[in-house]
Amino acid sequence: MTIIIERLSSLRKARVAPPRLLDEVVSVTRAHLPGADVVNKLADNSILGTVLASGLRTVIADPRLNEVVLRSSFESAGRAAVHRMERYLNTLGSIASAAPLLGLLGTVIGMIEIFGAQAPTGGNNPALLAHGISIALYNTAFALMIAIPSLMFYRYFRGLIDAYTLEMEQAAERMVPHLMRFSVPAKKAAP
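Everything numeric in this text was worked out from a predicted model, so none of it was measured.

**With respect to unusual backbone geometry**
Of note, the phi angle at Tyr-88 is positive, near 70°, even though the residue is not glycine. Within the secondary structure, Tyr-88 is located in the loop between helix H6 (67-85) and helix H7 (89-117). Judged by relative accessible area, Tyr-88 falls into the partly exposed class, the value being 39%.

Here you go:
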């Protein structure tokens, strides 16, 4: 539950990719590149803001850059952003996969205990045996109550991250030509 609540909070639209952020960045950078304080504020805004700020910092740091360098900067920031969004997802997926197996293990151990406790002389009580089996099956039921929601949320978060990743890729694609306007072409050497 803790992982699910944390991911629900961390993967909110406002924290990852605010709806009008890209348009605001394009608007602010229409005439000139912003100062370092504005870029830092953008980076602190959201995960998409961090990716966009990375491109801005690259252009500010080296006005003679080419498109390949700018794209590489966006790709590197994007990979880090995706890694940040995927935090704890492997753990959630492992819980979803392992919980049924652990429940089954508990059930099997319970069944072994029940059959091992039966008297070897034939004085078996069917009602006692049935009650023991039903108690042993609780392990599997509890494990499934953990595994099913874990798997559902894992799939939900996976789809959400894929959508955010696509949105960030499209934002970077839109920013590349916009920022390349500020690039100063390198002078060719005289012959």
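**Comments concerning the pattern of salt bridges**
Scanning the model with the defined rule gives seven salt bridges in all. Measuring nitrogen to oxygen at the nearest pair gives 2.8 Å for the salt bridge that ties Lys-13 to Glu-167. Pair noted here: Lys-13 is in helix H2 (residues 13-16) and Glu-167 is in helix H8 (residues 126-180), with a separation of 154 residues, a long-range link. Given a relative accessible area of 34%, Lys-13 falls into the partly exposed group. Measuring nitrogen to oxygen at the nearest pair gives 2.9 Å for the salt bridge that ties Arg-71 to Glu-67. In this pair, Arg-71 and Glu-67 are both assigned in helix H6, four residues apart and thus about one turn of the helix distant. The exposure class of Arg-71 is partly exposed, given its relative accessible area of 25%. Residue classification places Glu-67 among the partly exposed residues on the basis of a relative accessible area of 36%.

**A look at the confidence of the model for the protein chain**
Low pLDDT means the predicted coordinates in that region are not meant to be read closely. On average, the protein chain scores 89 in pLDDT, and the residues at 70 or more come to 93%. The element-level mean pLDDT for the protein chain is lowest in H7, coming to 90, with H6 highest at 95.

Thresholds, definitions, all that
Residues numbered from 1 in each chain as written. Predicted model: local features only at pLDDT ≥ 70, side-chain atom pairs only at ≥ 80, totals over all residues. Heavy atoms only, no water. Helix = DSSP H or I, 4+ residues; strand = E, 2+ residues; numbered from the N terminus. Buried < 20%, exposed > 50% of the residue type's maximum accessible area, 1.4 Å probe, protein only. Salt bridge = Lys/Arg side-chain N within 4 Å of Asp/Glu carboxyl O. pLDDT = per-residue confidence, 0-100.

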